[in-house]
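# Descriptive analysis of the structure
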Amino acid sequence: MLRVAVPNKGTLADPSSEMLAEAGYRQRHERRDLTVLDAVNDVEFFFLRPKDISIYVGSGELDLGITGRDLVMDSNAPVAERLSLGFGGSTFRYAAPTGRDWTVPDLAGKRIATSYPNLVRNDLARYEVEAEVIRLDGAVEISIQLGVADAIADVVGSGRTLRQHDLVAFGDPICRSECVVIERKGSDEEQAKDQLVARMQGVVFAQQYVMLDYNCPRELLDAAMKMTPGLESPTMAPLADERWVAVRAMVSRKHAPAIMDRLAAFGAKAILSSDIRSCRL
Ligand SMILES: Nc1ncnc2c1ncn2[C@@H]1O[C@H](COP(=O)(O)OP(=O)(O)OP(=O)(O)O)[C@@H](O)[C@H]1O
Ligand SMILES: O=P(O)(O)OC[C@H]1O[C@H](OP(=O)(O)OP(=O)(O)O)[C@H](O)[C@@H]1O
Ligand SMILES: [Mg+2]
């Protein structure tokens, strides 16, 4: 049976479970449940702290895990990324009080608070900067005003928390993170792993596209096909009124509103956009 680790708390927990449910897997009903057996798909899910997930997968106890790339890098566990899930995007950055132009070499001899000590130590080594790394569990942005650190290294999402504490990010991002599926190469469950990853990939693709349906005047079909080429080519079906053709094509979700505007301006009618729940491309 395939054994898969899923975040039990934090930013990545709900979207990870929702994506697995969308891919057809059974998920927990009670937030306190630590395991769920999906007998139909022959998978057991383990709900673990995101920080611990790469340790379990790296040790070979679990076959696949869902967690943040930054946490994987901090763990130094022997795991590889299989798939990016398109959510939980963040950067991991140094930050320090505003009012000065900080650079990474300025950190020499300073105290840097972080919840990701290995990630930070590895990055400082790359710059050959020696500094004291202070490990905290969270709320790292407050550590400077409380006097335990001179700078921090932490997850930046919107940047709101940094602004609230008069901190400014500096240096290249230490890591660009998002939620990923990880594996340890060489388990006995390679086929089962491939199947779960393919189903998750189907949901990731589905979220990146919408299905567009519209009616197009027959004489404008060539131009319409150029606007919505679909994957191979759009589906076309004649309407009862011979002057019109129904067109259906997948388009990228990001570009769909602009494409709909152009189709409407062009003379298409009844332009509908609908979500795709899962797909294989
Ligand atoms: N504000 C955020 N925006 C985007 N991703 C975030 C944010 N905060 C944390 N993450 C991502 O979540 C993962 C951290 O998991 P963690 O267990 O620390 O959850 P958390 O969301 O910080 O919740 P908590 O601190 O309550 O446990 C990392 O991969 C990190 O990049
Ligand atoms: O750039 P922002 O959108 O403001 O997000 C960044 C903040 O979000 C996370 O904190 P979280 O809420 O997980 O609390 P924690 O520090 O206790 O982990 C992270 O550690 C930052 O503090
Ligand atoms: Mg956190």
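These numbers come from a predicted model, not from an experiment. (Residues numbered from 1 in each chain as written. Chains lettered and ligands numbered in written order. Predicted model: local features only at pLDDT ≥ 70, side-chain atom pairs only at ≥ 80, totals over all residues.)

### Notes on the overall build of the protein chain
Applicable threshold: Helix and strand definitions follow DSSP, with helices as H or I runs of at least four residues and strands as E runs of at least two, each counted in order from the N terminus. As defined in this context, the radius of gyration uses C-alpha atoms, and a globule is described by 2.2 Å times the residue total to the power 0.38. Here exposure depends only on C-beta density: within 10 Å of a residue's C-beta, 20 or more other C-beta atoms make it buried, 12 or fewer make it exposed, and intermediate numbers make it partly exposed, the C-beta atoms being placed from the backbone. Here the contact rule is simple: place C-beta atoms from the backbone, and any two residues whose C-beta atoms are within 7 Å are in contact.
Across its full length, the protein chain carries eight helices and 15 strands. Taken against the 2.2 N^0.38 rule, which gives 19 Å for 281 residues, the C-alpha radius of gyration of the protein chain at 24 Å runs more than 25% over that of a compact globule. Taken along its principal axes, the extent of the C-alpha atoms in the protein chain is 80 × 50 × 35 Å. Across the 281 residues in the protein chain, those meeting the buried criterion constitute 36%. Long-range pairs, those at least 24 residues apart, make up 67% of the contacts in the protein chain between residues at least 6 apart in sequence.

### A look at the site of ligand 1
Keep this limit in mind: Working rule for contacts: place C-beta from the backbone, and if it is within 6 Å of a molecule or strand, that residue counts as near it. Basically, the charged four are Asp, Glu, Lys and Arg, the nonpolar ten are Ala, Val, Leu, Ile, Met, Phe, Trp, Tyr, Cys and Pro, and anything else, Gly included, counts as polar. Boundaries between domains were set according to an automatic or database domain assignment.
Around ligand 1, a shell composed of 15 residues is seen, among which G10, T11, G68, S90 and G157 lie nearest. Elements with a minimum of two residues in the shell around ligand 1: α2 (50-59) and α3 (69-75). Its residues placed into classes, the shell around ligand 1 shows four nonpolar, eight polar and three charged. Formed jointly, the shell around ligand 1 draws a minimum of three residues from each of two domains, domain 1 (2-87 + 178-188) and domain 2 (90-177).

### A closer look at the sheet that holds strand β7 (residues 111-114)
Spelled out, the test is: When DSSP finds two or more bridges between two strands, those strands count as paired. What counts as an axis is a line fitted to C-alpha atoms, over the stretch in contact for a helix, and the angles between N-to-C directions run from 0 to 180 degrees.
An order of β8-β7-β9-β6-β10 is seen for the five strands of this open sheet, with the pairing classed as mixed. The sheet is open, and its two borders are formed by β8 (132-135) and β10 (167-177), each paired with just one other strand. Taking each pair of neighbouring strands and ignoring which way they run, the sheet shows an average axis angle of 25 degrees. Pairing of β7 with β8, which is carried by four bridges, proceeds in the parallel orientation. When the sheet's bridge partners are listed, T114 is paired in β8 with R135. Its contacts with the sheet place helix α4 (residues 117-127) against β6 (90-97), β7, β8, β9 (151-156) and β10, and it is angled at close to 170 degrees to β8.

### Description of the site of ligand 2
Near ligand 2 you find G138, A139, V140, E141, D154, V155, V156, G157, S158, G159, R160 and T161, and these make up its full shell. Put simply, the parts of the chain that give the shell around ligand 2 at least two residues each are β9 and α5 (160-164). Here the shell around ligand 2 takes three residues from β9, the largest share from any one element. Here the shell around ligand 2 is composed, by residue class, of four nonpolar, five polar and three charged.

### Some details on the UniProt feature "domain: ATP phosphoribosyltransferase catalytic" (unreviewed entry) in the protein chain
Heads up, the rule is: UniProt positions are given in the numbering used here, feature names are shortened, and annotations may be inferred rather than shown by experiment.
With numbering matched to this structure, UniProt assigns "domain: ATP phosphoribosyltransferase catalytic" (unreviewed entry) to residues 49-201. Span residues 49-201 is 29% helix and 31% strand, its end C-alpha atoms 23 Å apart.

### Structural notes on the nonpolar core
For clarity, the threshold we go by: Only buried residues count toward a nonpolar core: Ala, Val, Leu, Ile, Met, Phe, Trp, Tyr and Cys, linked into one set through C-beta atoms within 7 Å.
Core analysis: the largest hydrophobic core is formed by 47 residues, its most contacted members being V4, A5, V57 and M200. When residues of this core are assigned to domains, at least three map to each of domain 1 (2-87 + 178-188) and domain 3 (210-275). Excluding its chain neighbours within four sequence positions, the residues that come into contact with M200 are M19, A23, L83, L85 and V181. Listed in part, the 24 residues of the second largest apolar core include A96, Y116, V120 and L162.

### Quick word on unusual backbone geometry
Residues other than glycine seldom take positive phi values, yet D42 does so here, at roughly 60 degrees. Residue placement: D42 occurs in the loop between β2 (35-38) and β3 (43-48). Using a count of 12 C-beta atoms within 10 Å as the deciding quantity, one classes D42 as exposed. Its identity is not glycine, yet A139 carries a phi of approximately 45 degrees, on the positive side. Locating A139 in the fold gives a position in the loop between β8 and β9. A tally of 12 C-beta atoms within 10 Å means that A139 is categorised as exposed.

### Regarding helix α6 (residues 190-208)
The criterion, for reference: Helix span, expected: 1.5 Å multiplied by one less than the number of residues in the helix.
Its 19 residues place the ends of α6 27 Å apart at the C-alpha level, agreeing with the 27 Å of an ideal helix rising 1.5 Å per residue. Turning to α6, its buried residues number three or more, namely L196, M200, Q201, V203, V204 and A206.

### Quick word on the sheet that holds strand β5 (residues 80-84)
In spatial order, the strands read β2-β3-β1-β4-β11-β5; together these six strands make up an open sheet with mixed pairing. Taken across any chain shown, the strands that pair with only one partner, and hence form the sheet edges, are β2 and β5. Sheet twist, expressed as the mean angle between neighbouring strand axes with direction ignored, is 25 degrees. With two bridges connecting them, strand β1 (residues 2-7) and strand β4 (residues 64-68) associate as parallel partners. When the sheet's bridge partners are listed, A5 is paired in β4 with G65.

### Section: the UniProt feature "domain: Histidine biosynthesis HisG C-terminal" (unreviewed entry) in the protein chain
Under the local residue numbering, the UniProt record ascribes the feature "domain: Histidine biosynthesis HisG C-terminal" (unreviewed entry) to residues 206-277. As annotated, residues 206-277 has a helix share of 29% and a strand share of 40%, and its two end C-alpha atoms lie 6 Å apart.

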